Amino acid sequence: RQWYHRRVREAVVSTQSTGGQTVGNMIIGSSCKYLSKNFEKVFLGKQCKALTQQGLCYLIRSAERYGDSPTVTYDQLAGDLPNISHLGELSCKHAVKCYKQIAKAVKKCMRSNDNFIEELFGNAQILYRVKAQDIVNEFIANHQNTLFGELANLAVANFRSINDVKAFFAEYVDRDLEAQVSSDAQVAAREVQKLAHQWCKSGCSQDSTDFLQELFGNMHGGQCVDAAQFCGACQENANRHFKSGGQQIPCCLDDILQKGIAAYDYVSAAYGARIDEWVGLVSQELSDEANAKAAEFAAEVNRQSACIADAYDEHNPDCSSR
């Protein structure tokens, strides 16, 4: 985590010092003269400015807040929630307008250059080699014989260019699957837009912040000292919070949770077999040690998820009277 946060801070400071213009020119290049010339105006101006500035600020502050901690506690998360809530409120105010501002410029590029998207990926590949390849190689070198190190090395070895990505999709994603993913993505995008509108209209950012701050504050303490763990002491503290009259899950937040559960169930049913196939392909390329670590990690995620599900089922709110 310390390595990650150090790199985040370096990247953010670098982006701030250049105003994003240099990076933008490298990505856009000659594929779209309008966007290359107006990169800062489109991505960092008007409706997008506040989101960009506050987002970069949050990345720096989170690196400072968590970078040197051996573990992250629920108390730390509770203290950070007002910052996340502020970002949520900014998103409610600016995100749609920012998206439209960017989408308008991108559409203009696509009209002026039929190969805009392909050239964009090509330029991003060059930018990766110039700006990020050494960082990725450093990560791999520092994490040899680990699960994430092997996964990073596998990705680098197999996806060296956009043509490698195309070849992968050509081999493992048939037309029927592509059509299904495209259709589901459109449905999901509309649903996300609807949920975001409801979230912002109801003021759910603040309601959720108040709830989570109280919950996390009451969970912290005793044997609950690591936010990576919920089963055991943390779950007991959470149950005690709800049973002693603590604030219940806001219905607006519960709507999001319910939609998330339904989406997970759908993806598991619709794509589970194909995902298992891809996982199997990756597994064949990993060492026995990495596969054992992956299995251990998956088992722990399943265990923690089951504890969270049990707590949610026991204390989910009654929102039927709304």
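Residues numbered from 1 in each chain as written. Predicted model: local features only at pLDDT ≥ 70, side-chain atom pairs only at ≥ 80, totals over all residues. Heavy atoms only, no water.

Engineer: Tell me about the state of the cysteines, and please be specific about residues and values.
Structural biologist: Taken as a whole, this structure holds seven disulfides when the rule is applied. The disulfide bridge from C48 ends at C98, spanning 2.0 Å between sulfur atoms. In this structure, the disulfide formed by C48 and C98 twists by about 105° around the S-S bond and is classed as right-handed. On the criterion of sequence distance, the pair formed by C48 in the loop between α4 (39-44) and α5 (49-66) and C98 in helix α6 (residues 74-112) is long-range, its members being 50 residues apart. Pair check on accessibility: C48 and C98 agree, each one buried. In this structure C57 is a free cysteine whose sulfur lies 17 Å from that of C98, the closest cysteine sulfur available. Given the relative accessible area of 32%, C57 is considered partly exposed. (Disulfide = S-S within 2.5 Å. Helix = DSSP H or I, 4+ residues; strand = E, 2+ residues; numbered from the N terminus. Buried < 20%, exposed > 50% of the residue type's maximum accessible area, 1.4 Å probe, protein only.)

Engineer: Go over a positive patch on the surface, please, and point to the residues and values.
Structural biologist: Where like charges cluster on the molecular surface, the positive patch consists of K41, K46, K104, K107, K108 and R111. The dominant element in the positive patch, judged by the number of residues it contributes, is α6, at four residues. By the element assignment, K107 lies in helix α6. (Patch = residues over 30% accessible without salt bridge, like charges linked within 9 Å, V, L, I, M, F, W, Y side chains within 5 Å. Areas by Shrake-Rupley, 256 points an atom, 1.4 Å probe, with all protein chains shown as cover. Salt bridge = Lys/Arg side-chain N within 4 Å of Asp/Glu carboxyl O. Lys, Arg positive; Asp, Glu negative; His and termini not counted. Charge placed at Lys NZ, Arg CZ, Asp CG, Glu CD.)

Engineer: Mind laying out the side chain of N113, listing which residues take part and the relevant values?
Structural biologist: Positionally, N113 belongs in the loop between α6 and α7 (116-142). Owing to a relative accessible area of 15%, N113 belongs among the buried residues under this scheme. Of note is the side chain of N113, whose polar atom sits 2.9 Å from the backbone nitrogen of N115. Polar side-chain contacts of N113 include one of 3.0 Å to the side chain of E119. Not counting residues up to four positions away in its chain, the partners in contact with N113 are S31 and E119. (Polar contact = N/O pair within 3.5 Å; in protein donor to acceptor, adjacent residues only side chain to side chain. Contact = heavy atoms within 4.5 Å.)

Engineer: Go over unusual backbone geometry with me, naming the residues and quoting the values.
Structural biologist: A positive phi angle, close to 65°, is found at N145, a residue other than glycine. As for its position among the elements, N145 is in the loop between α7 and α8 (147-158). Overall, the relative accessible area of 73% leaves N145 in the exposed class.

Engineer: Lay out the pattern of salt bridges with the relevant residues and their values.
Structural biologist: For the structure shown, the criterion picks out seven salt bridges. Between E296 and K293 there is a salt bridge, with its nearest N and O atoms 3.7 Å apart. Taken as a pair, E296 and K293 lie in helix α14 (residues 288-315) at a separation of three residues, close to a single helical turn. In the salt-bridge network here, residues are joined through shared partners; they are D174, R274 and E277.

Engineer: So, the packing of aromatic side chains: which residues are in play, and what are the values?
Structural biologist: Within the structure shown, the criterion is met by eight aromatic pairs. An angle of 55° between the planes, with centres 6.3 Å apart, marks the rings of F168 and W278 as tilted. Of this pair, F168 sits in helix α9 (residues 162-172) while W278 sits in helix α13 (residues 251-285); the two residues are 110 residues apart in sequence, bridging distant segments of the chain. On the basis of relative accessible area, F168 is assigned to the partly exposed category, the value being 26%. Every member of this aromatic cluster is reached through a ring pair, and the members are F159, F168, F169, Y172 and W278. The ring of Y34 has K108 sitting right over it, with the charged end atom 4.1 Å from the ring centre. (Phe/Tyr/Trp six-rings, centres within 6.5 Å; stacked < 30°, edge-to-face > 60°. Lys NZ or Arg CZ within 6 Å of the ring centre and 35° of its normal.)

Function cannot be inferred from these measures alone, as they are strictly geometric.
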